[in-house]
Structures are given as structure tokens and as C-alpha cells.
Amino acid sequence: MPRAFNFSAGPATLPQSVLEHAQAEMLDYRGTGMSVMEMSHRSPEFQEIIDRAESSLRKLMRIPDDYHVLFLQGGASSQFAMVPMNLFRNQKRADFVNTGSWSIKAIKEANKYGTARTVGSSEDKQFSYIPALDPAIFDPEADYFHLTTNNTIYGTCFNQLPDTGDVPLVGDMSSDILSKAYRVEDFGLIYGGAQKNIGPAGLTLVIVKKDLVGHAMDITPTMLNYETHATKGSMFNTPPTYAIYMAGLVFEWGLELGGINVIEARNRAKADLLYECIDQSDMFTGTVAPADRSIMNVCFKAPTPEQDSAFIALASSRNLKTLKGYRTVGGMRASLYNAMPLEGVEALVKCMQDFERGKG
Ligand SMILES: *Cc1c(COP(=O)(O)O)cnc(C)c1O
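Described below are features of the structure shown in this document. (Residues numbered from 1 in each chain as written. Predicted model: local features only at pLDDT ≥ 70, side-chain atom pairs only at ≥ 80, totals over all residues. Heavy atoms only, no water.)

Counting residues in hydrophobic clusters, the biggest one holds 51 residues, and the most contacted among them are L57, M61, F71, L178, I207, Y245 and F251. If one sorts the elements of this core by residue count, helix α6 (residues 241-257) sits on top with ten residues. With 33 residues, the next largest nonpolar core counts M82, V83, A94 and V329 among its residues. (Core = buried A, V, L, I, M, F, W, Y, C linked by side-chain atoms within 4.5 Å. Buried < 20%, exposed > 50% of the residue type's maximum accessible area, 1.4 Å probe, protein only. Helix = DSSP H or I, 4+ residues; strand = E, 2+ residues; numbered from the N terminus.)

Turning next to a negative patch on the surface. Where like charges cluster on the molecular surface, the negative patch consists of D65, D66, E185 and D211. Along the chain, D211 falls in the loop between β10 (204-209) and α5 (226-230). Judged by its relative accessible area of 47%, D211 falls in the partly exposed class. (Patch = residues over 30% accessible without salt bridge, like charges linked within 9 Å, V, L, I, M, F, W, Y side chains within 5 Å. Areas by Shrake-Rupley, 256 points an atom, 1.4 Å probe, with all protein chains shown as cover. Salt bridge = Lys/Arg side-chain N within 4 Å of Asp/Glu carboxyl O. Lys, Arg positive; Asp, Glu negative; His and termini not counted. Charge placed at Lys NZ, Arg CZ, Asp CG, Glu CD.)

G10 connects to P11 through a cis peptide bond whose omega is -10°. By the secondary structure assignment, P11 is in the loop between β1 (5-6) and α1 (16-24). Its identity is not glycine, yet R30 carries a phi of approximately 45°, on the positive side. Structurally, R30 can be placed in the loop between α1 and α2 (44-61). Judged by relative accessible area, R30 falls into the partly exposed class, the value being 47%. Backbone geometry places T322, a non-glycine residue, at a positive phi of 60°. Its place among the elements puts T322 in the loop between β13 (320-321) and β14 (332-335). A residue is classified by how much of its surface remains accessible, and T322, at 45% relative accessible area, is partly exposed.

This paragraph deals with the site of the ligand. For the ligand, the set of nearby residues contains 13 residues, the closest of which are S77, T152, D172, Q195 and K196. One of the backbone N or O atoms of A76 is found 3.0 Å from an oxygen atom in the ligand. Within the side chain of T152, one N or O atom sits 2.3 Å away from an oxygen atom of the ligand. Burial of the ligand by the surrounding chains reaches 87%, relative to a free accessible area of 390 Å². In terms of residue count, helix α3 (residues 75-87) provides more of the shell around the ligand than any other element does, four residues in total. A class-by-class count of the residues in the shell around the ligand yields three nonpolar, eight polar and two charged. (Near = heavy atom within 4 Å. Polar contact = N/O pair within 3.5 Å; in protein donor to acceptor, adjacent residues only side chain to side chain. Nonpolar A, V, L, I, M, F, W, Y, C, P; charged D, E, K, R; others polar.)

A word on a nonpolar patch on the surface. Side chains of M26, L27 and M37 sit close together on the surface and give an oily, nonpolar patch of about 330 Å² of accessible area. Secondary-structure assignment places M37 in the loop between α1 and α2.

So, on to the packing of helix α7 (residues 260-280) against helix α9 (residues 342-356). Running from N to C, α7 and α9 point in directions that differ by 5°, and their axes come no closer than 9 Å. In terms of orientation, α7 lies roughly parallel with respect to α9. Contacts from K270, L273, L274, C277 and I278 of α7 reach α9 at L342, V345, E346, L348, V349 and M352. (Axes fitted to C-alpha atoms, helices over the stretch in contact; angles between N-to-C directions. Parallel < 35°, antiparallel > 145°, perpendicular 65-115°, else oblique. Contact = heavy atoms within 4.5 Å.)

Another point: the packing of aromatic side chains. Counted according to the given criterion, the structure contains 13 aromatic pairs. Taking 5.6 Å as the distance between ring centres and 35° as the angle between the ring planes, the aromatic pair formed by F88 and Y144 counts as tilted. Of this pair, F88 sits in the loop between α3 and β3 (93-98) while Y144 is found in strand β5 (residues 144-148), placing the two residues 56 residues apart along the sequence. The pair formed by F88 and Y144 is uniform in burial state, with each residue classed as buried. (Phe/Tyr/Trp six-rings, centres within 6.5 Å; stacked < 30°, edge-to-face > 60°.)

Ordered in space as β2-β10-β9-β8-β5-β3-β4, the seven strands form an open sheet in which the pairing is mixed. The open sheet has two free edges, formed respectively by β2 (67-72) and β4 (115-121), since each of these has just one partner strand. For this sheet the average axis-to-axis angle between neighbouring strands, irrespective of direction, equals 20°. Direction of pairing for β2 relative to β10: antiparallel, over a ladder of six bridges. Pairing of L72 across the sheet is with T204, part of β10. (Pairing = 2+ DSSP bridges.)

Turning to the pairing of β4, a few remarks are in order. One ladder, built from six bridges, connects β3 with β4; its direction is parallel. Across the sheet, residue A94 finds its bridge partner in β4, namely A116. For the crossover from β3 across helix α4 (residues 101-113) to β4, the handedness is right-handed. (Right-handed = clockwise from strand over helix to strand, strands pointing away.)

Turning next to the pattern of salt bridges. Enumeration over the complete set of coordinates arrives at 14 salt bridges. With its nearest N and O atoms 4.0 Å apart, the salt bridge here joins R93 to E141. Residue R93 is located in strand β3, and its partner E141 is located in the loop between β4 and β5; the two are separated by 48 residues in the primary sequence. According to the relative accessible area criterion, E141 is partly exposed, its value standing at 48%. Of the charged contacts in the structure, one is a salt bridge between K350 and D354, with a shortest N-O distance of 2.9 Å. One end of the pair is K350 and the other is D354, both in helix α9 and four residues apart, which spans about a single turn. A relative accessible area of 45% means that K350 is categorised as partly exposed. Connected through shared salt-bridge partners, R318, K350, D354 and R357 make up one network.

Okay, here's the thing in C-alpha cells:
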């Protein structure tokens, strides 16, 4: 069976060369006679793996020295609670932009520990666009300002970040981290589950400005306090060792490609090709306002759900997998993460054109 072009939103496709590298080291990691999975996290070999992963990520994202990089567990969903527990230190208030499902979950958790106010929402049109924001209504005393940089489910993304002044910007970057050149300095905190653009599930990345750490609410469990992990190099307890190893290989792959700017250009070329096909088609329509389209998750529909299913079946028969849209959105969603090669998008476009011409 040849490798599928896997358009899954997450866990998602990984670079083939990274999988082959891991395969080659699976039984004997560099003469240790054991797999990384079997190795003590206190061993010098693993210390070197986690140190290298961190330094590669710092290089790739140009992370300044006054930010911690934390390798955690619990998924982005745990960050919906950890962020307020750790960052609510003054007014216990935060502003949120509601761009759909993930934002809603973050708002719900923050409201357990303080006040989450919504300063912009696209709920009126099923989250098919990014709402315009008016900085005049932002809370200047908020402890943070939260947004989902890329909404994985609806296929929207912010192309411009709001100016939040002195209020730290917090970004749920789960589905577009490493996909384009963000400036880490624009954020107080960035978080994301690894399973979309970084590596296997089980690892959650947090990049947080050092001065935001150390002020957690008293109720914060030890394991949910960033300080616990920051002071122990993400090794207070057993970290997700194999996922960290894999993430490190993906970071090195990104550096070898030429860094984030090269990755971003590749991603834009892939997304442009697919959106162009959608826009020229009489069969398929995009579901998102063109100005707010994600380059990571491309959502589109055929005229009827029956045609959606027929298209998904045709695509699957051509080894183009996991194209079904999220259950509340329907239609198709093609996730074009960093590891999706251009050839995968070309094959998808060809399949769409053949379907439209009735050449199933
Ligand atoms: C996938 C996703 C999440 C949830 O991630 P988990 O790691 O499964 O908790 C949260 N936010 C965004 C934007 C996502 O894409």
C-alpha cells in the first residue's frame, strides 16, 4: 500500500523522512541498545533529545530568551484552564474573541476562575469569518486577551493580530503553529497540541513570557502550574518522551527545509492551488469569507450532502484520505499542514476536477 495523502485535521500527516528516521532508530537509539520509548527521562541521552528539541524550536520560531518553552501533556484543552489559573493575577478578567468551538471551550473554562468577556464573535454566521475588532472596547486592565489564531473546524484564521497594548496576547495556535512567520514577541503566551503541525499526540507545547510565570492562583494544582515545569526543564514528572523526540525531529526537518519563511511559502502555494480550484469550480464552494481563509484547514462543499459523500468516496478510492468536514460543518475539510506535500494537493485538485466533469 503506498502512503496515503492524509488530510486529517489531527492527529495528522507527518513528514515521511521523519518517520523513516524514527524507524531507523526504533530498536537501537544511537548505540544505546534501546528505543527512545524505553529510555529513562533522566538519562543523558534523553536530556540531549529534549535540549536539542528546545533549541531547534527556538531557532525555528526565533523565540526570544525571555520566554520559556514548556513540553507538557493534557492537550490544548488543558490550556483552556491552565491559562486562566496561571495568568489571572490582578483583576481576574480576560477578553476573548469567539471564532467558534475552540474559543467557546476556552471561554467556558476561564469563566470558572474569573470573568471571560467576549469582545468579538462570528457566531451570527456560523463562524464563517473573523470578526472585526474595536480596540476601544478592549479591557485595558484585563490579565490577558485570548484568541484562536486558526480555527481548525471552520477553516478561518486571523491575518492581522489585534493591538492589545500592555495586555498580554494569548494565542491558541494548535492548528497553525510553525505554518507561518508569527512574531513570538507579539504574544505573552502561545499554546498548541502537537498532533496537528508538530508531531504525535500526547505533547502540548507552551511558549510563555517568563514574567507571566510565578503568579498562579492559590487553587492551582502543582501539575497545572507553569512554574512547576519551568523550574524543572519540563521534567518535574515523566514527560511524553517519545512525542518530544518526534517533535524534535520535525523541528529539525523544518530547519533543513530552510525555516519558517520557506515553510510558509510552501503552505501558501498549496492553499492557493486548492482555493483557486474551489473558486473556479461550478460544483464546489468555499465556506469561509475569502479574506479570512485558513491556509491550514480548507473547508468546501458540493451542492448536496449526497454529492459530498460521493466526492469523499471517489477521493478515498484514489488514496486521498480523511476529507470529511467536521460534523457540525459538513462538506469537506482538507488540512494542509506542513507535512502535506504539494503533490497531495495536486492530486486532490485533479480529483475535484474529475468529479465535476463526471469522470468518477
Ligand atoms: C485541536 C485543537 C484543540 C484541542 O486540542 P487537544 O490537544 O485535543 O486538546 C484546541 N484548539 C484548537 C485550535 C485545535 O485545533
